[in-house]
Amino acid sequence: MSYKHTNALINESSPYLLQHAHNPVNWEPWSTTALEKAKNENKLVLISIGYAACHWCHVMEKECFEDEEVANLMNENFVNIKIDREERPDIDHLYMDAVQMMTGRGGWPLNVVTLPDGRPFWGATYVKKDDWMKVLKELTRLYKEQPDKINEYAKDLAEGIKAINLVEVGSDSQILTEDQLDDSVKKWSRYFDHNYGGYNRAPKFMMPGNLDFLLHYAISRKDDDLLEYVNLTLTKMAYGGIFDHLGGGFSRYSVDGKWHVPHFEKMLYDNGQLISLYSKAYAETQNPLYKKVVEETIDFVTTELMDTTKAFYASLDADSLNETGELEEGAFYVWQKAELQTLLADNFELFKDYYNINDFGLWEHGNFVLIRDESDEAIAKKHKLSVSELNVVIAECKQILNKVREKRDRPRLDDKILCSWNGLMLKGLTDAYRFIKNDDYLVLALENATFIKETFIKKDGSLYHNHKNGKSTINGYLEDYASVIEAYIGLYEITFEENWLNEAKKLSDYCIANFTDDGSGLFFFTPNQDSFIIRRTIEMADNVIPSSNSIMAKNLFKLSRFFPDMNYEKIAQQMVMNLQQSFEKDTASYANWLHLVLYFQNPFYEISIVGEDYLKTASNMQQSYLPNAVFAGAKEESELSLIQNRFVANSTLIYLCEHGSCKLPTTNIEDVLNQLK
């Protein structure tokens, strides 16, 4: 196929950048060379950041970046840089902070105009063509006529960008008390939606890290009301249109308050975390809905996002071609009532009731997004069926619709492989195996863990961030280390293969040596050897993915139980104390950190299992949700301090320890579990 235009993005591997390779805009990838070009030509830099599955990125591309008139204006006056935020989260963090400071909001596409040295002075998200051209003309005029004014604003903004990233060393001498934590959660709970779960707002993001903490907290504090809220949220999310009832897997967020109409892109990071969350919730409740969600989500990921190497791709697009050949959000997923009546025939009435082919399930333009609002038991009773009979009919309907859907144009795939997101998915698989006991999940987890080890870990012990077409080009960020370390610890706990624990330790030691900010005791997002603009970011607040620092703090706390001679617990404790004033001010944004408050304030156990039946014994114990413990195990002896000198021939003994101090060994699983709760 021949193209009228081709720019420098044609040499990139990112699907998002390649989408823009034939724009008339002279896009360049992020590089010091591009900034040098801007300095040499005395041009402003226009930076546009997005990602492959982003609907509004596609809209702005069509309206602005594919337009010859707009492109001529951009090419004449700017050095234009396109960035895939998933490849370069370090750059995205910086300019997202800038745009939020300037406008009070953020999102993607993220567009900033900077001085030739990269310091921003204007920013926005999606902008229509006419407004975009007006803004660019005015900025060009200002830069020519009032450069001092722009330089002064850019200087002040850069200082602000630095300031919001500063962390004061905590003066607190102790971790938050349980009473303080209770007060913080109580204030947080004012925002809970007790009808549909999640927060009382729209759009609704699933925030798996927040729900993961609330589950841990509710069990720890024996708070039945909070546990009911968590279960309500998990149930309504699983019932909602945000979950793909035909193909499995979750979309990124819901545009409404009832989890109905999703923003249809499906991200690996959401699904990996939600597999973990629903697996834990299943362990605690034994709710078969949660198990079903885990199984169907893993089926989605392995069907749609898995490479032949057992690595996982980044995402599926929100958009696909509709019947008229136009890109349309959600076109692959929605249904018309008449279409369903024809396809499902006699089963339509039951399907209509089950998935709300009515006003409750109607979206727009006669399109329905499947959504549930009643349990299998309630629907079965209404239709005078058993639950098993109901499930057979629904399964038949889904099979028919899936065959039809397979003939539709498929959403585009972002097939880059990101280390951090593979770590999140690997953790999901380890939790799914731990609590559901499907051997296929363990096999896949080991294959993916091996891929990460062989592909992402360099000879010097550092990580790469990305992989595509056999190449890795970007140094790993803290998020890569944090998520892989967490996953490897989890993998050790279900296999007791010490090489995974040792890999986690080596990666942690690399972080301490190469990412530590001596001033704050936290970790920078980028390693010492990487260059940066304005500042090195310290990622503190949790979001749709918990912050890399909060994951690292949890990792170090757990590793301290396996390697007590190291300084890991002290580092984790200082990290918490340096930030805990923020925990009380904005609890929801530090949810993943709050696990550590529970770890420090409540008993945290080491469970060592040594003997012939160590794997079976551990497997039986690990079906329980035990957020306040780590497991170690071996058939005989081991160099690990938790295992040393604990082997007794012809028996499998369980040692329940706290900070290395152990109770008498026992063979009674129930006795140990009772002491843990």
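We now turn to the structure provided with this report.

Here the focus is the packing of aromatic side chains. Applying the stated criterion across every chain, the model contains 35 aromatic pairs. Seen from their ring centres, Phe192 and Tyr199 are 6.2 Å apart, and the 25° between their planes marks the pair as stacked. The residues Phe192 and Tyr199 share a single accessibility class, namely buried. Note on Phe264 and Trp363: the rings are 5.6 Å apart at their centroids and 50° apart in plane angle, and the pair reads as tilted. Of this pair, Phe264 sits in the loop between β8 (262-263) and β9 (266-267) while Trp363 is found in the loop between α14 (348-355) and β14 (367-368), placing the two residues 99 residues apart along the sequence. In this structure Phe264 comes out as buried when scored by relative accessible area, which is 2%. Using a relative accessible area of 24% as the deciding quantity, one classes Trp363 as partly exposed. Three or more aromatic residues joined by ring pairs form one cluster here, namely Trp188, Phe192, Tyr199, Phe213, Tyr217 and Tyr229. The ring centre of Trp27 lies 5.2 Å from the NZ or CZ of Lys82, which sits over that ring.

Further remarks concern the sheet that holds strand β20 (residues 653-658). Spatially, four strands are ordered β19-β18-β20-β21 in an open sheet, and the strand pairing comes out mixed. Looking at strand neighbours, the two that pair on one side only are β19 (629-634) and β21 (661-662), the edges of this open sheet. Here β20 pairs with β21 via two bridges, running antiparallel. From the neighbouring strand, Cys657 faces β21, where its bridge partner is Cys662. Across the sheet, helix α25 (residues 669-676) is in contact with β18 (605-610), β19 and β20; its angle to β20 comes to roughly 15°.

Turning our eyes to something else, we now look at the nonpolar core. The biggest cluster of nonpolar side chains holds 194 residues, and the ones touching the most others in it are Trp132, Phe213, Tyr278 and Trp593. Element by element, the count of residues in this core is highest for helix α19 (residues 478-495), at eleven residues. Once residues within four sequence positions are removed from consideration, Trp132 is found in contact with Leu46, Met60, Cys64, Phe65, Val70, Met74, Asn111, Trp122 and Val127. One finds Met96, Ala98, Leu110 and Leu157 within the second-largest nonpolar core, a separate group that totals 23 residues.

The subject of this paragraph is the layout of surface pockets. Here the second largest pocket defines a volume of roughly 790 Å³. In terms of lining residues, the second largest pocket is bounded by 37 residues, among which Trp30, Ser31, Arg88, Ile474 and Tyr477 are the most central. Among the elements of the structure, α2 (32-41), β3 (78-84) and α5 (89-103) are those that each provide at least two residues to the lining of the second largest pocket. Tallying contributions element by element places α2 first for the lining of the second largest pocket, with four residues. A per-class count over the lining of the second largest pocket returns twelve nonpolar, eleven polar and 14 charged.

Our focus in this paragraph is the state of the cysteines. Under the criterion given, the structure shown has two disulfides. Linked covalently through their sulfurs, Cys54 and Cys57 form a disulfide whose S-S length is 2.3 Å. Since a negative S-S torsion denotes a left-handed disulfide, the Cys54-Cys57 link at about 80° is right-handed. Here Cys54 and Cys57 have matching classes, each one buried. Across the chain, the way the bonded cysteines pair up, counted in sequence order, is 1-2, 3-4. No disulfide involves Cys64; its sulfur sits 12 Å from that of Cys57, the nearest cysteine. For Cys64, a relative accessible area of 0% corresponds to the buried category.

The next subject is helix α4 (residues 68-77). Since one α-helical turn is 3.6 residues long, residues separated by three or four positions face the same way. Restricting attention to buried positions, one finds in α4 the residues Val70, Ala71, Leu73, Met74, Asn75 and Asn77. For α4, the elements touching its buried residues are β2 (44-50), α3 (55-65), β3 and α6 (129-145).

This paragraph deals with unusual backbone geometry. A cis amide bond, omega 5°, links Trp108 with the succeeding residue Pro109. Position of Pro109 relative to the elements: it lies in the loop between α5 and β4 (110-114). Of note, the amide linkage connecting Ala202 to Pro203 takes the cis form, showing an omega dihedral of 0°. In this fold, Pro203 is placed in the loop between α8 (178-188) and β6 (204-205). One non-glycine residue with positive phi stands out, namely Lys222, at about 55°. Assignment of secondary structure puts Lys222 in the loop between α9 (208-220) and α10 (224-239). The backbone of Asn356 shows a phi angle near 55°, a positive value even though the residue is not glycine. Mapped onto the secondary structure, Asn356 falls in the loop between α14 and β14. The buried category is assigned to Asn356, whose relative accessible area is 5%.

You can see Thr125 is positioned in the loop between β5 (120-124) and α6. Among the polar contacts made by the side chain of Thr125, one reaches the side chain of Arg105 at a distance of 2.9 Å. Here Thr125 is in contact with Met60, Arg105, Gly106, Gly107, Pro109 and Asn111, once residues within four sequence places are set aside.

The next point concerns empty space enclosed by the protein. Here the idea is plain: a probe the size of a water molecule rolls over the atoms and shows the empty space left. One pass over the full model with this rule turns up five cavities of 30 Å³ or more. By volume, the largest cavity is sized at about 570 Å³. Those elements that place two or more of their residues in the lining of the largest cavity are α9, α11 (268-285), α17 (419-436), α19, α21 (548-562), α23 (591-601) and β19. Top contributing element to the lining of the largest cavity by residue count: α17, with six residues.

The rules behind these values
- Within any chain, residue numbers begin from 1 and follow the written order of that chain's sequence.
- Note on the predicted model: pLDDT of at least 70 is required for a residue's local features to be given, and 80 or more for side-chain atom pairs to be given and counted; whole-chain, interface and lining totals, by contrast, use all residues.
- Computation of side-chain values: all heavy atoms of the structure, hydrogens and water removed.
- The rule is short: rings of Phe, Tyr and Trp, with Trp giving its six-membered ring, pair when the centres are within 6.5 Å, and they are stacked under 30 degrees, edge-to-face over 60, tilted in between.
- Only protein chains enter the area calculation, which uses a 1.4 Å probe; residues under 20% of their type maximum are buried, those over 50% are exposed, and those in between are partly exposed.
- Secondary structure counts use DSSP, requiring at least four H or I residues in a row for a helix and at least two E residues in a row for a strand, with both numbered from the N terminus.
- Charges are assigned to positions over rings by a cutoff of 6 Å between ring centre and Lys NZ or Arg CZ, combined with an angular limit of 35 degrees from the ring normal.
- Think of it this way: DSSP has to see at least two bridges between two strands before they count as a pair.
- Whether two residues are in contact is decided by their heavy atoms: any pair within 4.5 Å suffices.
- Lines fitted to C-alpha atoms define the axes here, with helix axes fitted over just the stretch in contact, and angles between the N-to-C directions of these axes take values from 0 to 180 degrees.
- To define a nonpolar core, start from buried Ala, Val, Leu, Ile, Met, Phe, Trp, Tyr and Cys residues and group those joined through side-chain atoms within 4.5 Å.
- Only protein atoms enter the 1 Å grid used here. Points where a 1.4 Å probe fits but cannot escape make up a cavity, open sets with protein on both sides within 12 Å along at least five of seven lines make up a pocket, and a residue lines them when an atom lies within 4 Å of a point.
- Grid points are joined across faces, edges and corners, and a volume is the space filled by probe spheres set on the points.
- When residues are grouped by polarity, Ala, Val, Leu, Ile, Met, Phe, Trp, Tyr, Cys and Pro land in nonpolar, Asp, Glu, Lys and Arg in charged, and all others, Gly among them, in polar.
- Defined by distance alone, a disulfide is two cysteine sulfur atoms within 2.5 Å.
- A 3.5 Å cut-off defines polar contacts: any pair of N or O atoms within that distance qualifies, except that in protein one atom must be a possible hydrogen donor and the other a possible acceptor, and neighbouring residues in sequence count only when both atoms are side-chain atoms.

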